[in-house]
Amino acid sequence: MEKAKKIAYWVATLWLSLGMMSSAIVQLIRVPEGVQGVTHLGYPEYLLTILGTWKILGVAAILAPGFKRLKEWAYAGFFFVASGAMISHLIMRDPFGDVFPSVLLLVLTLISWYLRPESRRLA
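Residues numbered from 1 in each chain as written. Predicted model: local features only at pLDDT ≥ 70, side-chain atom pairs only at ≥ 80, totals over all residues. Heavy atoms only, no water.

**Side note on the packing of aromatic side chains**
Item 1. Following the criterion strictly, the structure yields three aromatic pairs and no others.
Item 2. Ring centres 4.9 Å apart and planes at 75° place the aromatic pair Y9 and W10 in the edge-to-face group.
Item 3. Judged by its relative accessible area of 30%, W10 is partly exposed.
Item 4. With a centroid separation of 5.7 Å and 50° between ring planes, the pair formed by F96 and F100 is classed as tilted. Taken together, the positions of F96 and F100, both in helix 5 (residues 96–115) and four residues apart, correspond to about one turn of that helix. (Phe/Tyr/Trp six-rings, centres within 6.5 Å; stacked < 30°, edge-to-face > 60°. Buried < 20%, exposed > 50% of the residue type's maximum accessible area, 1.4 Å probe, protein only. Helix = DSSP H or I, 4+ residues; strand = E, 2+ residues; numbered from the N terminus.)

Shown next as structure tokens:
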């Protein structure tokens, strides 16, 4: 069972990292659809730079060995970003296709955090 848990952790963590990294790049290079998406939700465009930068740093923290406390902060940040995006889309009554990416990232964050090995947990 331990091997299955380790595989599930890495699948969730790598998929989460890919999702956060790809959305960070979209935010940092200001892809027009991304700019329109954030302004549609009522947020200022400069928020893209803040979110993109913190997402990249969060991915680095989660994937790097050690830094257990920093990992906890990164997971918390990913939780707040994904849940905030999900709630923002729901408040705007966006279609499920617009809500789903944030739900997926939220679920992956929770799975990765829950399944993380002992070596990546705070005592």
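Let's pick the thread back up.
**Thoughts on the packing of helix 3 (residues 47–63) against helix 4 (residues 68–91)**
Item 1. The geometry of helix 3 relative to helix 4 is characterised by a closest axis approach of 9 Å and an angle of 140° between their N-to-C directions. Classed by the angle they form, the pair helix 3 and helix 4 counts as oblique. Here helix 3 and helix 4 pass one another in a crossing that is left-handed. On helix 4, the residues touching L51, K55, G58, V59, A61, I62 and L63 of helix 3 are L70, K71, A74, Y75, F78 and V81. (Axes fitted to C-alpha atoms, helices over the stretch in contact; angles between N-to-C directions. Parallel < 35°, antiparallel > 145°, perpendicular 65-115°, else oblique. Left-handed = near helix turned anticlockwise from the far one by under 90°. Contact = heavy atoms within 4.5 Å.)

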